[in-house]
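Below are the chains, spelled out letter by letter.
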Amino acid sequence: MTNEGQLPSDLFMDLDRSGPMPLYFQVASRIEESIRSGAMPPGARLENEIALGERLGLSRPTIRRAIQDLVDKGLLVRRRGIGTQVVHGPVTRKVELTSLYDDLAQGAQAPATKLLQRNDVPAPDDVAAALSVEPGTTVAHIRRVRFAEDVPMAILENYLPPEFLDLTDEDLQAHGLYQLLRGRGVTMRVAKQRIGARAVTDEEAGLLEIEDGDPVLTMSRTAYDASGRAVEYGVHCYRPDRYSFEVTLVDK
């Protein structure tokens, strides 16, 4: 890139403005080529749609469509207050009994955590049912934002049974939750999980750096140890442009 945030003009010199190939597709293809070749490295920022459109003599809807195609492919990410950046690629997570922190670490995606909340609360009815404790039992409540390569990926909300009330803020910011549980001798064996989608809330949009009303993937999970005891109940939401679930289906 010639300047921070600015694509080189010669990248678009051979755009065919009268042929059958849509202009947005041509623009997207050239930006994608720059990303995949390494000319635009992860973290590089694009100039805004208006500036790029004026420089290339193209309409803003054309530029917006080109950028959105690359966002959909997981090559670019829009971040509120920051702009559009090149990313390492979306995280595709197999539906297995692993944590997001483990998956990011194994994929060399530099996981990081911002702890939003850590407190002891009386278990609501749904949490008590999931953890097999009496309603009102004091349980640990944890809420965090998980980052990969400095991009917010997910908001993670978890409830843990009373034996984990002593988990510290420092532990939760430095380690993944499943790491901490394994360090205490917990062996996770099975989980019940539900995956869905909904519109993001205003607060979540700010934390995830996406637009109000955008969709998010959701997952609720209750994990059990080798003895069948519930050790964790989580309700999470994920950016769909940076995250997906992968399932292998086998015909019986």
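Higher on the page you've got the structure.
These remarks concern the structure in this document. Note that the coordinates shown come from a computational prediction; the quantities given were computed from them, not determined experimentally.

### Considerations on the overall build of the protein
Working step 1: Looking only at helices and strands, the protein features eight helices and eleven strands.
Working step 2: Taken across its 252 residues, the protein has 47% of its residues classed as buried.
Working step 3: Taking as baseline every contact in the protein between residues at least 6 positions apart, the subset at least 24 positions apart corresponds to 61%.
Working step 4: With an accessible surface of roughly 12700 Å², the protein has 49% of that area assigned to carbon and sulfur atoms.

### Quick look at the packing of aromatic side chains
Working step 1: The final tally for this structure, using the stated rule, is one aromatic pair.
Working step 2: Note that R65 overlies the ring of Y24, its terminal NZ or CZ placed 4.0 Å from the centroid.

### Re the pattern of salt bridges
Working step 1: The full count for this structure, using the stated rule, is eleven salt bridges.
Working step 2: Residues R55 and E47 are paired through a salt bridge, measuring 2.5 Å at the closest nitrogen-oxygen approach.
Working step 3: Residue classification places R55 among the partly exposed residues on the basis of a relative accessible area of 27%.
Working step 4: Accessibility expressed as a relative area gives 13% for E47, which makes it buried.
Working step 5: Across the salt bridge formed by D120 and R118, the nearest N and O atoms sit 2.8 Å from each other.
Working step 6: Judged by relative accessible area, D120 falls into the partly exposed class, the value being 43%.

### Some details on the layout of surface pockets
Working step 1: The volume enclosed by the largest pocket comes to roughly 270 Å³.
Working step 2: Together, 14 residues line the largest pocket, and Q68, V71, I210, D214 and D241 are the ones closest to its centre.
Working step 3: The set of elements that each furnish at least two residues to the lining of the largest pocket consists of α3 (60–72) and β2 (76–79).
Working step 4: The element best represented in the lining of the largest pocket is α3, accounting for three residues.

### Describing the sheet that holds strand β8 (residues 188–199)
Working step 1: If you walk across this open sheet you meet the six strands as β5-β6-β7-β10-β9-β8, and the pairing is antiparallel. One side of each edge strand has no neighbouring strand; the edge strands of this open sheet are β5 (111–122) and β8. Here the strands of the sheet are splayed against their neighbours by 15° on average, with no regard to which way each runs.
Working step 2: Relative to strand β10 (residues 230–238), strand β7 (residues 151–160) is paired through six bridges, and the arrangement is antiparallel. For E157, the partnering residue across the bridge sits in β10 and is V235.

### Structural notes on the sheet that holds β2
Working step 1: As summarised here, the arrangement of the three strands in space is β1-β3-β2, forming an open sheet in which the pairing is antiparallel. Since the sheet does not close on itself, it has two edges, and those belong to β1 (45–46) and β2, each with one partner.
Working step 2: Packed on one face of the sheet, α3 meets β1, β2 and β3 (83–86) and runs near 110° to β2.

### Quick word on the side chain of D241
Working step 1: By the secondary structure assignment, D241 is in the loop between β10 and β11 (243–246).
Working step 2: For D241, a relative accessible area of 18% gives the class buried.
Working step 3: A polar side-chain atom of D241 sits 2.8 Å from a polar atom in the side chain of R239.

### Let's talk about the pairing of β2
Working step 1: As paired strands, β2 and β3 are joined by four bridges and run antiparallel to one another. Within β3, the residue paired with R78 across the bridge is T84.

### As for the packing of helix α2 (residues 49–56) against α3
Working step 1: Closest axis-to-axis distance for the α2/α3 pair is 9 Å, and the angle between their directions is 115°. The handedness of the crossing between α2 and α3 comes out as right-handed. Between α2 and α3, the residues in contact are E49, I50, L52, G53 and L56 and R60, I63, R64 and I67, respectively.

The rules behind the values
- Residues numbered from 1 in each chain as written.
- Predicted model: local features only at pLDDT ≥ 70, side-chain atom pairs only at ≥ 80, totals over all residues.
- Heavy atoms only, no water.
- Helix = DSSP H or I, 4+ residues; strand = E, 2+ residues; numbered from the N terminus.
- Buried < 20%, exposed > 50% of the residue type's maximum accessible area, 1.4 Å probe, protein only.
- Contact = heavy atoms within 4.5 Å.
- Areas by Shrake-Rupley, 256 points an atom, 1.4 Å probe, with all protein chains shown as cover.
- Phe/Tyr/Trp six-rings, centres within 6.5 Å; stacked < 30°, edge-to-face > 60°.
- Lys NZ or Arg CZ within 6 Å of the ring centre and 35° of its normal.
- Salt bridge = Lys/Arg side-chain N within 4 Å of Asp/Glu carboxyl O.
- 1 Å grid on protein atoms, 1.4 Å probe; cavity = no way out; pocket = protein on both sides within 12 Å on 5 of 7 lines; lining within 4 Å.
- Points joined across faces, edges and corners; volume = space filled by probe spheres on them.
- Pairing = 2+ DSSP bridges.
- Axes fitted to C-alpha atoms, helices over the stretch in contact; angles between N-to-C directions.
- Polar contact = N/O pair within 3.5 Å; in protein donor to acceptor, adjacent residues only side chain to side chain.
- Left-handed = near helix turned anticlockwise from the far one by under 90°.

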